[in-house]
Amino acid sequence: KGFGTHSEHMLGDAATSTTAGHTEGHKGDHAAEEEHSSGDIVVHQAIETIEFSLGCISNTASYLRLWALSLAHSQLASVFLEKAILDNITIEGAAGVVLT
């Protein structure tokens, strides 16, 4: 059940075709489709807008979680490097003063 084509909305009942001397309305071809009021269309568009907005917020939250995870990983790696490796390295002489 669609809302019809763009030309149907633009032309409305004025879209008619003449065949064998009689005029047949354009909407006669779509008798099975139900008519949608402007209120239905507004509600449908509002729902679509809300879904789109929630999707954007959800995607933003996902990327923020990934950013926070990478930041935490970076900090953990620097603490590990400092505490586990650099604290256990002892270099004598001038090189030890420069490196530590």
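Residues numbered from 1 in each chain as written. Predicted model: local features only at pLDDT ≥ 70, side-chain atom pairs only at ≥ 80, totals over all residues. Heavy atoms only, no water.

Engineer: Before we go on, may I ask you to explain the overall build of the protein chain in this structure?
Structural biologist: Across its full length, the protein chain carries three helices and two strands. Secondary structure of the protein chain in N-to-C order comes out as α-β-β-α-α. Here the protein chain holds 100 residues, and 4% of them are scored as buried. (Helix = DSSP H or I, 4+ residues; strand = E, 2+ residues; numbered from the N terminus. Buried < 20%, exposed > 50% of the residue type's maximum accessible area, 1.4 Å probe, protein only.)

Engineer: Sorry if this is basic, but what is going on with a nonpolar patch on the surface here?
Structural biologist: A cluster of nonpolar side chains, contributed by Phe80, Leu81, Ile85, Leu86 and Ile89, occupies part of the molecular surface with about 460 Å² of accessible area. Relative to the elements of secondary structure, Leu86 occurs in the loop between helix H2 (38-85) and helix H3 (94-99). (Patch = residues over 30% accessible without salt bridge, like charges linked within 9 Å, V, L, I, M, F, W, Y side chains within 5 Å. Areas by Shrake-Rupley, 256 points an atom, 1.4 Å probe, with all protein chains shown as cover. Salt bridge = Lys/Arg side-chain N within 4 Å of Asp/Glu carboxyl O.)

Engineer: Before we go on, may I ask you to explain the confidence of the model for the protein chain in this structure?
Structural biologist: Reading fine detail from the predicted coordinates is not recommended where pLDDT is low. Mean pLDDT for the protein chain: 74, with 56% of residues reaching 70 or above. The low-confidence segment residues 5-21 (pLDDT under 50) makes 16 contacts with residues lying over four places distant or belonging to another chain. (pLDDT = per-residue confidence, 0-100. Contact = heavy atoms within 4.5 Å.)

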